[in-house]
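Observations on the model geometry
Residue-level listing of the chains:
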Amino acid sequence: MTRDELMARLWPASRRYLASYVLFNQAVADHLGMHPTDVQCLNLLTLEDGPVTTGRIAELTGLTSGSATRLVDRLEKAGLVARQRDEADRRRVLVAVLPEALDRFGRVWRTLGDDWAAVFTEDTEDELAFLLRHMLRTVELSHRQMARLAAGLPTAE
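This is a predicted model, so every value here is computed, not measured.

Looking at a nonpolar patch on the surface
A surface patch of nonpolar side chains, amounting to about 860 Å² of accessible area, comprises Tyr17, Leu18, Tyr21, Trp109, Trp116, Val119, Phe120, Leu128 and Met135. For the nonpolar patch, the elements supplying multiple residues, two or more each, are helix H1 (3-32), helix H5 (99-118) and helix H6 (125-150). In terms of residue count, the dominant contributor to the nonpolar patch is H1 (three residues). Here Phe120 shows up in the loop between H5 and H6. Note on Phe120: relative accessible area 33%, which makes it partly exposed.

Below, the structure written as structure tokens:
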């Protein structure tokens, strides 16, 4: 196939891929009785080195500081995170994922994880390296695009 032919197939495949992930995330959130953004925030928090500020949560999610605060309020009310004073700077408040939340999410991901891992079993090391590079670039692009949207990207007329 030529590059043009591949690109013509890539656009609709990419749209289906993104939609399937968003819908999968919604299904996980529904299963857990949560909002999809809350599920992904918890996911991102588990990738951090420890408790983070609400400002960091806003950076990770692309939410405004007010929306990030409301998200933390929901997570705290649900018993999934706790606010705590930063020992190094008592003026700062950090958000920490509670062990019970890790257990709850861990059970869901352990149930679903083997199927996700199986997707990569036939891929070579070079293919896995390519996928990793693509995913990292996509994460960077999504953060740039979220910032553009937050800044008021002009709409097409």
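Right, picking up where we left off after that structure.
Digging into H6
Taking 1.5 Å as the rise per residue, H6 with 26 residues should run 38 Å; its terminal C-alpha atoms sit 37 Å apart, in good agreement. After H6 finishes, the residue Gly152 shows a positive phi value of roughly 95 degrees.

Things to note about the packing of aromatic side chains
Applying the stated criterion across every chain, the model contains three aromatic pairs. Ring geometry for Tyr21 versus Phe24: centroids 6.1 Å apart, planes at 50 degrees, classification tilted. On the criterion of helical spacing, the pair formed by Tyr21 and Phe24 is a turn pair, its members being three residues apart in helix H1. Note on Tyr21: relative accessible area 35%, which makes it partly exposed. Taking 5.1 Å as the distance between ring centres and 65 degrees as the angle between the ring planes, the aromatic pair formed by Phe24 and Trp116 counts as edge-to-face. With Phe24 in helix H1 and Trp116 in helix H5, this pair connects stretches of sequence that are 92 residues apart. On the accessibility criterion, Trp116 (42% relative accessible area) is partly exposed. Through pairs of rings, three or more aromatic residues link up here, namely Tyr21, Phe24, Trp109 and Trp116.

Quick notes on the environment of Val22
Along the chain, the position of Val22 falls in helix H1. Taking C-alpha positions, Val22 is 8.5 Å from Pro36, a pair spaced 14 residues apart along the chain.

Remarks on the nonpolar core
Met34, Leu42, Ile57 and Leu75 are the most contacted members of the largest nonpolar core, which totals 22 residues. Secondary-structure elements contributing two or more residues to this core are H1, helix H2 (36-47), helix H3 (54-61), helix H4 (65-77) and H5. Each residue touching Leu42, except ones within four places of it in the same chain, is listed here: Met34, Leu75, Leu80, Val81, Val97 and Phe105.

Thoughts on the packing of H1 against H5
Contact geometry for H1 and H5: axes closest at 11 Å, N-to-C directions at 145 degrees. The way H1 lies across H5 gives a crossing that is right-handed. Here Phe24, Val28, His31 and Leu32 of H1 lie close against H5, whose contacting residues are Arg104, Phe105, Val108, Trp109, Leu112 and Trp116. Of the residues contributing to the contact of H1 with H5, the split by class is eight nonpolar, one polar and one charged.

Looking at the pattern of salt bridges
For the coordinates displayed, the defined rule picks out eight salt bridges. A salt bridge links Glu48 to Arg56, with the shortest nitrogen-to-oxygen separation between them at 3.2 Å. For Glu48, a relative accessible area of 23% translates into the label partly exposed. If you follow the salt bridges from partner to partner, you end up with Glu48, Arg56 and Glu59 in one network.

Criteria and cut-off values
Residues numbered from 1 in each chain as written. Predicted model: local features only at pLDDT ≥ 70, side-chain atom pairs only at ≥ 80, totals over all residues. Heavy atoms only, no water. Patch = residues over 30% accessible without salt bridge, like charges linked within 9 Å, V, L, I, M, F, W, Y side chains within 5 Å. Areas by Shrake-Rupley, 256 points an atom, 1.4 Å probe, with all protein chains shown as cover. Salt bridge = Lys/Arg side-chain N within 4 Å of Asp/Glu carboxyl O. Helix = DSSP H or I, 4+ residues; strand = E, 2+ residues; numbered from the N terminus. Buried < 20%, exposed > 50% of the residue type's maximum accessible area, 1.4 Å probe, protein only. Expected span 1.5 Å × (residues − 1). Phe/Tyr/Trp six-rings, centres within 6.5 Å; stacked < 30°, edge-to-face > 60°. Core = buried A, V, L, I, M, F, W, Y, C linked by side-chain atoms within 4.5 Å. Contact = heavy atoms within 4.5 Å. Axes fitted to C-alpha atoms, helices over the stretch in contact; angles between N-to-C directions. Left-handed = near helix turned anticlockwise from the far one by under 90°. Nonpolar A, V, L, I, M, F, W, Y, C, P; charged D, E, K, R; others polar.

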